[in-house]
Amino acid sequence: MPGKKVCIVGSGNWGSAIAKIVGHNAKGNNRFDPVVNMWVFEEMINGRKLTEIINTEHENVKYLPGHQLPKNVVAVPEIVEAMAGADIFIFVIPHQFIGKLCDQMKPHVKAGAIGISLIKGIDEGPEGLKLISDIIREKLEIEVCVLMGANIANEVADEKFCETTIGSKNMQNGHLFKELLQTPNFRITVVTESDTVELCGALKNIVAVGAGFCDGLGFGDNTKAAVIRLGLMEMVTFTRMFCKGEVSSATFLESCGVADLITTCYGGRNRRVAEAFAKTSKSIEELEAEMLNGQKLQGPQTSREVFKLLKKKDMISKFPLFVSVYQICFEGRAVGDFITCLQNHPEHM
Ligand SMILES: NC(=O)c1ccc[n+]([C@@H]2O[C@H](COP(=O)([O-])OP(=O)(O)OC[C@H]3O[C@@H](n4cnc5c(N)ncnc54)[C@H](O)[C@@H]3O)[C@@H](O)[C@H]2O)c1
């Protein structure tokens, strides 16, 4: 039987780090076709196309400089060409672009194809919360699972040991993705509570913005720990409130839960930009453009989506951390108010 053809949809910092793993694993396992296409949002770098640079130098010089990608990973700028014949899709683009891209993909999806989303974010639909995997599922009519964990892309690319979580309602698919993605230094647990896993990945970015505010305001490790814990409690409450399926505490103890929350509150880009926000008078948009070299922030946007959902349900007072992050980022509330907002947290009442 021919190996399953894999297409990576996205090529940013995380997309490129995952391409390193997938290229290596696909080449060494006859369940997969050794040639892996990677869809690249084309851009010019010093007068050269990024796809051309990746295909000749095997390095994504903009989003993952200093790392060689396996030669069997082929950068393709046209989505229809990149996805031709694909049995397996790995979605790894900033969440604001997924809807439009799925519309382009829809007429060309092979029957029986499956997907995994590595995208951290949420959207809002007529019935309330819409997960990014829901958007992909509905638009492409394929089965979709998710992968989320304490996985800062550059560290994964450096092959530093870490764990991650696959959430898959279909265990067979979950284990196929584990075979494609696991390495000795990237250890995977598969769980069935896919929606909980996905919400952990999205919501922790809001908490990371709060952690960055604390750093920028000069608070210490005790405060950061309190923000992480209160953030976790809000993540659990929010997930229980908005998820249709089961939400068990055990899922929050997987890499996608507590571990990702910790790493993002110490290391990620959301924390870094929020720290700068607290120290300067610049807007989030200005700092994103100035500090991230084309990479995208997720925390502030996710706080906006969450705020809309909470307002509709009249639940704002139950989520002071999520709400204050939104108000500080978008409504001009003083960043110095962040801790005041936490002093009356429902957890302490
Ligand atoms: N970087 C990490 O450490 C990390 C880890 C885990 C999960 N994630 C998640 O993975 C997802 C992708 O993040 P990333 O770090 O790979 O990307 P990134 O933020 O590094 O890069 C932005 C990407 O968006 C692309 N882009 C720009 N404009 C576009 C458009 N109009 N349409 C489509 N694409 C466009 C760029 O070409 C680039 O590939 C996000 O949801 C993120 O939360 C990231």
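In the nomenclature of an unreviewed UniProt entry, the protein chain corresponds to Glycerol-3-phosphate dehydrogenase [NAD(+)] from the organism Aldrovandia affinis. UniProt's Catalytic activity (unreviewed entry) comment on the protein chain is quoted here verbatim: "sn-glycerol 3-phosphate + NAD(+) = dihydroxyacetone phosphate + NADH + H(+)". Word for word, the UniProt comment on the protein chain under Subcellular location (unreviewed entry) is "Cytoplasm".

A. Main features of helix H14 (residues 299-312). End to end, H14 covers 20 Å across 14 residues, agreeing with the expected 20 Å (1.5 Å per residue, within 8%). After H14 finishes, the residue Asp 314 shows a positive phi value of roughly 60°.

B. Representation of the side chain of Asp 260 in the model. Tracing the backbone through its elements, the reader meets Asp 260 in helix H11 (residues 255-267). Residue classification places Asp 260 among the buried residues on the basis of a relative accessible area of 2%. A polar contact is formed between the side chain of Asp 260 and the side chain of Lys 204, at a distance of 3.4 Å.

C. Structural context of the UniProt feature "active site" (unreviewed entry) in the protein chain. The feature "active site" (unreviewed entry), as annotated in UniProt, sits at Lys 204 in this numbering. For Lys 204, the location among the structural elements is in helix H8 (residues 194-217). Beyond its immediate sequence surroundings of up to four residues, Lys 204 is in contact with Lys 120, Met 235, Asp 260, Leu 261 and Thr 264.

Parameters at a glance
- Residues numbered from 1 in each chain as written.
- Predicted model: local features only at pLDDT ≥ 70, side-chain atom pairs only at ≥ 80, totals over all residues.
- Heavy atoms only, no water.
- UniProt positions renumbered as here; feature names shortened; annotations may be inferred.
- Helix = DSSP H or I, 4+ residues; strand = E, 2+ residues; numbered from the N terminus.
- Expected span 1.5 Å × (residues − 1).
- Buried < 20%, exposed > 50% of the residue type's maximum accessible area, 1.4 Å probe, protein only.
- Polar contact = N/O pair within 3.5 Å; in protein donor to acceptor, adjacent residues only side chain to side chain.
- Contact = heavy atoms within 4.5 Å.

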